[in-house]
Amino acid sequence: MYLKHFGLQEFPFNLTPDTGFFFRYGSHQEAYNVLLVALRSGEGFIKLTGEVGTGKTLLCRLLLKILGDEFVTAYIPNPFLTPAALHMALADELRIEYTRNMGQHRLLKLISDRLIELSAAGKHVALLIDEAQTLPTNTLEALRLLTNLETEKAKLLQVVLFGQPELNQRLENHALRQLRQRITFAHHLTPIDLHGMEGYITHRLSVACYQGPPLFSRRSLAALHRASRGIPRLINILSHKALLAAYGRGDRVVLPAHVRMAVHDTEDVMLHRPHLRLLRSLVGTFARASALLIAIIILHSSGSAP
């Protein structure tokens, strides 16, 4: 599409959580630091929350990539599981051989033995759970019980929960108070401010091998930040569509007009901008009224003709 037009080697604003595009800024850099410190200090439960599209999955993938040889990682991306299914998922990640009809007591013994074996080899085991707000209450409790496994000096299993703010509401449940008390490190991802967004866009373009003059005008950046609310996923969506709009018009720089075209083509942005919804509704109403008026005039003219 527009790669050759703008001199890019790859699409800079893909929605796939590519760790090569991670931008170290603001709460994202703070979250990265917190996660590394917490894991390396051997803490049991760690929690990272953020609104939809703020980059939780990207941080999760980054951890999986950069944790050194001293770590064995297990990753569960879809945790809407029963306690039994959670145990089997963890066993699969730890490469434990078991039969599908094995009793839970026996499976837990195998998991415990594997964790002890890894600890004796000097390994830390980190279980990373994405979309943790979907974990059923009894599965969260089963997860807490798994972290009871420990030596005299360290936990045998560390758990990192990545979730939307609804996860905090879930953990307020009285039945989960023991788990809540075990969360020793927590961080909340916040949207990127305007200055950070400018750096974010420059960084992603640089990773995509862009070497020309600024591709987004100052006014288009301001419009982009207002529309995206500083949420990385929306920044990516709108930037990609704005580049498409600029390419379609043969322009070499993204202008506010291109951003406006992207905004009107993105439902989530329109839902959060009631004045634009109202304007769109008024324009539609006016257009329908005008068409009706023209039809009446034509009919009246036809009826009064000799």
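In this report, the structure presented in the accompanying data block is examined. (Residues numbered from 1 in each chain as written. Predicted model: local features only at pLDDT ≥ 70, side-chain atom pairs only at ≥ 80, totals over all residues. Heavy atoms only, no water.)

1. Focus on the layout of surface pockets
Rolled over the atoms, a probe sized like a water molecule indicates the empty space that remains.
Part 1 of the reasoning: Approximately 470 Å³ is the volume attributed to the largest pocket.
Part 2 of the reasoning: Lining the largest pocket are 26 residues, and of these Gly53, Thr54, Gly55, Leu58 and Arg233 sit closest to its centre.
Part 3 of the reasoning: When its residues are assigned to classes, the lining of the largest pocket shows 11 nonpolar, nine polar and six charged.
Part 4 of the reasoning: If you add up the space inside the second largest pocket, you get close to 240 Å³. (1 Å grid on protein atoms, 1.4 Å probe; cavity = no way out; pocket = protein on both sides within 12 Å on 5 of 7 lines; lining within 4 Å. Points joined across faces, edges and corners; volume = space filled by probe spheres on them. Nonpolar A, V, L, I, M, F, W, Y, C, P; charged D, E, K, R; others polar.)

2. Observations concerning the pattern of salt bridges
Part 1 of the reasoning: Applying the stated criterion across every chain, the model contains eight salt bridges.
Part 2 of the reasoning: A salt bridge links Lys109 to Asp113; the nearest nitrogen and oxygen atoms lie 2.9 Å apart. Of this pair, Lys109 and Asp113 both sit in helix α5 (residues 104–120), four residues apart, which is roughly one turn of the helix.
Part 3 of the reasoning: For Lys109, a relative accessible area of 42% translates into the label partly exposed.
Part 4 of the reasoning: The partner of Arg229 in a salt bridge is Asp268, and the shortest N-O contact between them spans 3.1 Å. In this pair, Arg229 sits in the loop between α10 (218–228) and α11 (232–248) while Asp268 sits in helix α13 (residues 267–271), placing the two residues 39 residues apart along the sequence.
Part 5 of the reasoning: Judged by relative accessible area, Arg229 falls into the partly exposed class, the value being 28%.
Part 6 of the reasoning: Owing to a relative accessible area of 32%, Asp268 belongs among the partly exposed residues under this scheme. (Salt bridge = Lys/Arg side-chain N within 4 Å of Asp/Glu carboxyl O. Helix = DSSP H or I, 4+ residues; strand = E, 2+ residues; numbered from the N terminus. Buried < 20%, exposed > 50% of the residue type's maximum accessible area, 1.4 Å probe, protein only.)

3. Describing the environment of Gln133
Part 1 of the reasoning: Looking at the element boundaries, Gln133 is found in the loop between β3 (124–129) and α6 (137–146).
Part 2 of the reasoning: By relative accessible area, which is 12% here, Gln133 ends up buried.
Part 3 of the reasoning: Polar contacts involving the side chain of Gln133 include one to the side chain of Glu131, which spans 2.7 Å. (Polar contact = N/O pair within 3.5 Å; in protein donor to acceptor, adjacent residues only side chain to side chain.)

4. Focus: the packing of α10 against α11
Part 1 of the reasoning: Packing of α10 against α11 leaves a shortest axis separation of 9 Å and a crossing angle of 130 degrees. Taken together, α10 and α11 sit at an angle that is classed as oblique. Considering the relative orientation of α10 and α11, their crossing is right-handed. Across the interface between the two elements, Leu224, Ala227 and Ser228 of α10 pack against Leu234, Ile235, Leu238 and Ser239 of α11.
Part 2 of the reasoning: In terms of residue class, the contact of α10 with α11 is built from five nonpolar, two polar and no charged. (Axes fitted to C-alpha atoms, helices over the stretch in contact; angles between N-to-C directions. Parallel < 35°, antiparallel > 145°, perpendicular 65-115°, else oblique. Left-handed = near helix turned anticlockwise from the far one by under 90°. Contact = heavy atoms within 4.5 Å.)

5. Some words on the packing of helix α4 (residues 83–93) against α6
Part 1 of the reasoning: Between α4 and α6, whose axes approach to 8 Å, the crossing angle comes to 45 degrees. Taken together, the axis directions place α4 and α6 in an arrangement best described as oblique. You can see that α4 and α6 cross each other, and the crossing is right-handed. Only Asn138, Thr139, Ala142, Leu143 and Leu146 of α6 make contact with α4, whose side of the interface consists of Pro83, Leu86, His87 and Leu90.
Part 2 of the reasoning: Its residues assigned to classes, the contact of α4 with α6 shows six nonpolar, three polar and no charged.

6. With respect to the packing of aromatic side chains
Part 1 of the reasoning: Per the stated rule, a full pass over the model turns up six aromatic pairs.
Part 2 of the reasoning: Here the aromatic rings of Phe13 and Phe216 are separated by 6.3 Å at their centres, their planes lie at 85 degrees, and the arrangement is edge-to-face. You can see Phe13 sitting in the loop between α1 (3–6) and α2 (26–40) and its partner Phe216 sitting in the loop between α9 (194–207) and α10, a full 203 residues away along the chain. The pair formed by Phe13 and Phe216 is uniform in burial state, with each residue classed as buried.
Part 3 of the reasoning: On the numbers, 5.9 Å between centres and 40 degrees between planes, the contact of Phe22 with Tyr32 is tilted. Of the two residues, Phe22 sits in the loop between α1 and α2 while Tyr32 sits in helix α2, which places them 10 residues apart along the sequence.
Part 4 of the reasoning: Among the aromatic residues, those joined into a cluster by ring pairs are Tyr2, Phe6 and Phe11.
Part 5 of the reasoning: It is Arg24 that lies over the ring of Tyr32; its NZ or CZ is 4.6 Å from the centre. (Phe/Tyr/Trp six-rings, centres within 6.5 Å; stacked < 30°, edge-to-face > 60°. Lys NZ or Arg CZ within 6 Å of the ring centre and 35° of its normal.)

7. Observations regarding the environment of Asp193
Part 1 of the reasoning: Mapped onto the secondary structure, Asp193 falls in the loop between β5 (183–189) and α9.
Part 2 of the reasoning: For Asp193, a relative accessible area of 39% gives the class partly exposed.
Part 3 of the reasoning: Leave out the neighbours within four places in its chain, and Asp193 touches Tyr25 and His225.

8. Regarding α11
Part 1 of the reasoning: Look at α11: 24 Å from first C-alpha to last across 17 residues, which is about the 24 Å you get at 1.5 Å a residue.
Part 2 of the reasoning: All of the buried residues in α11 are Pro232, Leu234, Ile235, Asn236, Leu238, Ser239, Ala242, Leu243, Ala245 and Ala246.
Part 3 of the reasoning: Within two residues after α11, Gly250 carries a phi angle of roughly 75 degrees, on the positive side. (Expected span 1.5 Å × (residues − 1).)

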